[in-house]
Amino acid sequence: MIFSNIKKKFYQHRCESVAKSYGKDFKVNGESYVTPNTTLGDNVNFNGMKIQGNGSVTIGDNFHSGIECMIITSIHNYDEGSAIPYDDTVISKDVIIEDNVWLGNRVTVLAGVRIGEGAIIQAGSVVVKDIEKYAIAGGHPAKTFKYRDIGHYEKLKKEKKFH
């Protein structure tokens, strides 16, 4: 238990030291990495988040990640490059995750994606394109299969009932 708390404090400190900015009540409960291009809102909870690449990552308020999640903001130049399978060029694209988003365990978010407010991404999914607000999406590639009860969501939001 003591070793676990030391690791949590280490990852917390490292994320706070590296991130461009972070809001109040930022919590790191598992192995996590961010980049200097990472901006975090209030009440962000990482239970194992690895952010890599040169693109910027903006995560809104009340975000929760499951274990072993990844956000990748840079890709190799495979289409227009000077070598196969890819050249030395790196293409970076930003990722935006809006407020009140929950990523299940082992979700991967790829470069250039926006995940809308209140969305839930099912465990094991790979997000390769934008996800609408209130959507519940899953799979590889992640596709919306359901939406939250928007009336209930808005009621809880108005009452400021955030986990």
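Residues numbered from 1 in each chain as written. Predicted model: local features only at pLDDT ≥ 70, side-chain atom pairs only at ≥ 80, totals over all residues. Heavy atoms only, no water.

**Here's the deal with the overall build of the protein chain**
Where we set the bar: Per the convention used, a helix needs a DSSP run of H or I reaching at least four residues, while a strand needs a run of E reaching at least two, with both numbered from the N terminus. A radius of gyration in this sense is built from C-alpha atoms; the matching globule rule multiplies 2.2 Å by the number of residues raised to 0.38. Categorising residues by exposure relies on relative accessible area from a 1.4 Å probe, with only protein chains included: less than 20% of the type maximum marks a residue as buried, more than 50% marks it as exposed, and the intermediate range marks it as partly exposed. Any two residues whose heavy atoms approach within 4.5 Å at even a single point are treated as in contact.
Per the secondary structure count, the protein chain includes two helices and 17 strands. Against the 2.2 N^0.38 benchmark of 15 Å for 163 residues, the protein chain shows a C-alpha radius of gyration of 16 Å, consistent with a compact globule. With the C-alpha coordinates of the protein chain rotated into their principal frame, the extents come out at 55 × 40 × 25 Å. Counting every position in the protein chain, which comprises 163 residues, the buried fraction comes to 40%. In the protein chain, once contacts between residues fewer than 6 apart in sequence are set aside, the share between residues at least 24 apart is 20%.

**Overview of the sheet that holds strand S10 (residues 95-97)**
Test applied: Should DSSP find at least two bridges between two strands, the strands are taken to pair.
The strand order S2-S5-S10-S13 describes an open sheet built from four strands, whose pairing is parallel. The open sheet has two edge strands, strand S2 (38-40) and strand S13 (114-115), and neither has a second partner. The pairing of S10 with S13 spans two bridges and is parallel. Of the residues in S13, the one forming a bridge with isoleucine 97 is isoleucine 115.

**Quick notes on the nonpolar core**
Grouped burial of nonpolar side chains is what soluble globular proteins tend to show. Our working rule: We call a set of buried residues a nonpolar core when its members are Ala, Val, Leu, Ile, Met, Phe, Trp, Tyr or Cys and they connect through side-chain atoms within 4.5 Å of each other.
Residues Phe46, Ile59, Leu103 and Ile115 are the most contacted members of the largest nonpolar core, which totals 31 residues. Elements represented by at least two residues in this core include exactly helix H1 (2-18), strand S4 (49-52), strand S5 (57-59), strand S7 (69-72), S10 and strand S16 (135-139). In this view, isoleucine 115 contacts Ile96, Ile97, Glu98, Val101, Leu103, Val109, Ile121, Val127 and Ile131; residues no more than four positions away in its chain are not counted.

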